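Given next are the chains, with one letter for each unit.
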Amino acid sequence: MSTILRSAAPDKAAARRYLNGPVSDFLLLGGGSLLALLALRWAMGDAAWARAWSAGTTLALAHVINNPHFMHSYQLFYREFGAKLTSYPPDLRLRYWLCGVVAPVVLVAVMAWAVAARQPRALGLMTNLMFFLVGWHYVKQGYGMAVVDAAFKQAWFTDAEKRALLRNAYAVWLLSWLLLNRMLGGVASSYWGVEYAFIAIPAPLAWLACVVAIGCGLDLAWRLLRKQRRGDAIAWNGLLAYAASGYVWLLIRDPVLVLWVPLFHSLQYLAVVWRYERNRIHAIHPHEMLPELRMAGFYAIGLGLGYLGFWWLPRYLNRHVPYDHALFGTGLFLFLFWIFINVHHYFLDTVMWRKGNPDVQKYLFAHAR
């Protein structure tokens, strides 16, 4: 028995150093996306069918991966919402109120005004807002992965290193958004029938953003090199997630591979959410015989809400609510729901995963049995 206990102890200690495990962390946080993108590019080459196949495949996978990832944020955010507004620290209560109540009301009001005032360009600008916030969300999630993995490994970043990580993340994000506007500014394209509205970005501004991003990247690389030379521990899975989220997922311009990026972002998010929820179940129901059933229920609710919010409800409204199809296309409510969920998801996550959130400390960093 003593031999078993001695051999089990290192395994338990090792388990506390990962979100889910060494291999799954590598694959889900970012490494898997790099391998998959390389394999996809090699397998498809310049085949004419590649874009159509990727679009169909990623759309099908979105039902079971991307859409539940969005809905899980609603499940976590609004669970016991009233208690959070009364028991959390005052600054966090305010953030929950603003992002959980004020933000969705404002978003719906702006969308309703744009449709009522017959302003398709205003809706097109909301598409640009979505790209703006999605990019920000990607790099902040990548930064979060780096910090969380460092916490598990006890390979802490200094405050100066954290600032360098954030500076570089913001620089890459801003560069990606400016390049997107320059690249698609003169291209006629639409999102569920509503035409994109991009902003004309002058070339000098794009070049300046590029120089700033390179400078921030070199500064970060120098700091990490110094960290390694000092012999400090480095959480590589987190840094890989950080690099993939910014440099690969945001700056990739391949029209086929870019279709896969939201899928990999969602998998990265699910690696965190499912650990959080699994630990919460163990903490609240310590004697549960089959906790996996509760996890399956959590996922099933996200799956159902995803189908309801992304497909069933907007399609129902498209069929039964009259509007000007010549002006707004034939998928207006699909557009409105998809934009709303993407933009609001950003606001929810800026609150839920803050360092001062007591539930994050309680459940995310607890040891999963």
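Participant: Would you mind showing me how to read the nonpolar core here?
Facilitator: Proteins that are soluble and globular tend to have nonpolar side chains buried together. Among the nonpolar cores identified, the biggest contains 91 residues, and Phe-77, Tyr-96, Leu-123 and Ile-339 are the most heavily contacted of them. Here Tyr-96 is in contact with Phe-77, Phe-81, Lys-84, Leu-85, Tyr-88, Val-101, Val-351, Met-352 and Asn-357, once residues within four sequence places are set aside. Judged by nonpolar contacts, the second largest core, of 8 residues, contains Ala-171, Leu-175, Ile-201 and Cys-216.

Participant: What is the right way to read the state of the cysteines from this model?
Facilitator: One way to say it: the disulfide is the covalent bond shared by the sulfur atoms of two cysteines. The final tally for this structure, using the stated rule, is 0 disulfides. Of all cysteine sulfurs in the structure, the one in Cys-216 sits closest to Cys-210, which takes part in no disulfide; the separation is 12 Å. Accessibility expressed as a relative area gives 24% for Cys-210, which makes it partly exposed.

Participant: Explain the confidence of the model for the chain to me, please; I cannot follow it from the model alone.
Facilitator: Do not read the predicted coordinates in detail wherever pLDDT is low. Confidence in the prediction of the chain, expressed as mean pLDDT, is 91, and 94% of residues score 70 or more. pLDDT under 50 marks residues 1-12. Its contacts with residues more than four places away, or in other chains, come to 1 contact.

Participant: Even after reading the chapter, I still don't get helix α7 (residues 120-153), so can you show me in this structure?
Facilitator: Look at α7: 49 Å from first C-alpha to last across 34 residues, which is about the 50 Å you get at 1.5 Å a residue. In terms of residue burial, α7 counts as a mostly covered element, since 24 of its 34 residues are buried. Residue Gln-154 follows α7 closely and has a positive phi angle near 55°.

Participant: Before we go on, may I ask you to explain the environment of Ala-326 in this structure?
Facilitator: One can find Ala-326 in helix α13 (residues 325-328). Owing to a relative accessible area of 78%, Ala-326 belongs among the exposed residues under this scheme. Taking the C-alpha atoms as reference points, Ala-326 and Gly-193, separated by 133 residues in sequence, lie 9.8 Å from one another.

Participant: Can you help me understand the side chain of Thr-58 in this one?
Facilitator: Counting through the fold element by element, Thr-58 comes out in helix α3 (residues 50-62). Overall, the relative accessible area of 11% leaves Thr-58 in the buried class. A polar side-chain atom of Thr-58 sits 3.2 Å from the main-chain carbonyl oxygen of Ala-55. Those residues in contact with Thr-58, other than ones at most four positions away along the chain, are Leu-259 and Trp-260.

Participant: I would appreciate a short explanation of the packing of helix α2 (residues 22-44) against helix α11 (residues 261-284) in the present structure.
Facilitator: Remark: α2 packs on α11, axes separated minimally by 8 Å, with the N-to-C direction vectors making an angle of 155°. Classed by the angle they form, the pair α2 and α11 counts as roughly antiparallel. Along this stretch, α2 crosses α11, giving a crossing that reads as right-handed. Together, Leu-28, Leu-29, Ser-33, Ala-36 and Leu-37 of α2 and Phe-264, Leu-267, Gln-268 and Ala-271 of α11 make up the contact between the two elements. Of the residues assigned to the contact of α2 with α11, the class counts are 7 nonpolar, 2 polar and no charged.

Conventions used here
- Residues numbered from 1 in each chain as written.
- Predicted model: local features only at pLDDT ≥ 70, side-chain atom pairs only at ≥ 80, totals over all residues.
- Heavy atoms only, no water.
- Core = buried A, V, L, I, M, F, W, Y, C linked by side-chain atoms within 4.5 Å.
- Buried < 20%, exposed > 50% of the residue type's maximum accessible area, 1.4 Å probe, protein only.
- Contact = heavy atoms within 4.5 Å.
- Disulfide = S-S within 2.5 Å.
- pLDDT = per-residue confidence, 0-100.
- Helix = DSSP H or I, 4+ residues; strand = E, 2+ residues; numbered from the N terminus.
- Expected span 1.5 Å × (residues − 1).
- Polar contact = N/O pair within 3.5 Å; in protein donor to acceptor, adjacent residues only side chain to side chain.
- Axes fitted to C-alpha atoms, helices over the stretch in contact; angles between N-to-C directions.
- Parallel < 35°, antiparallel > 145°, perpendicular 65-115°, else oblique.
- Left-handed = near helix turned anticlockwise from the far one by under 90°.
- Nonpolar A, V, L, I, M, F, W, Y, C, P; charged D, E, K, R; others polar.

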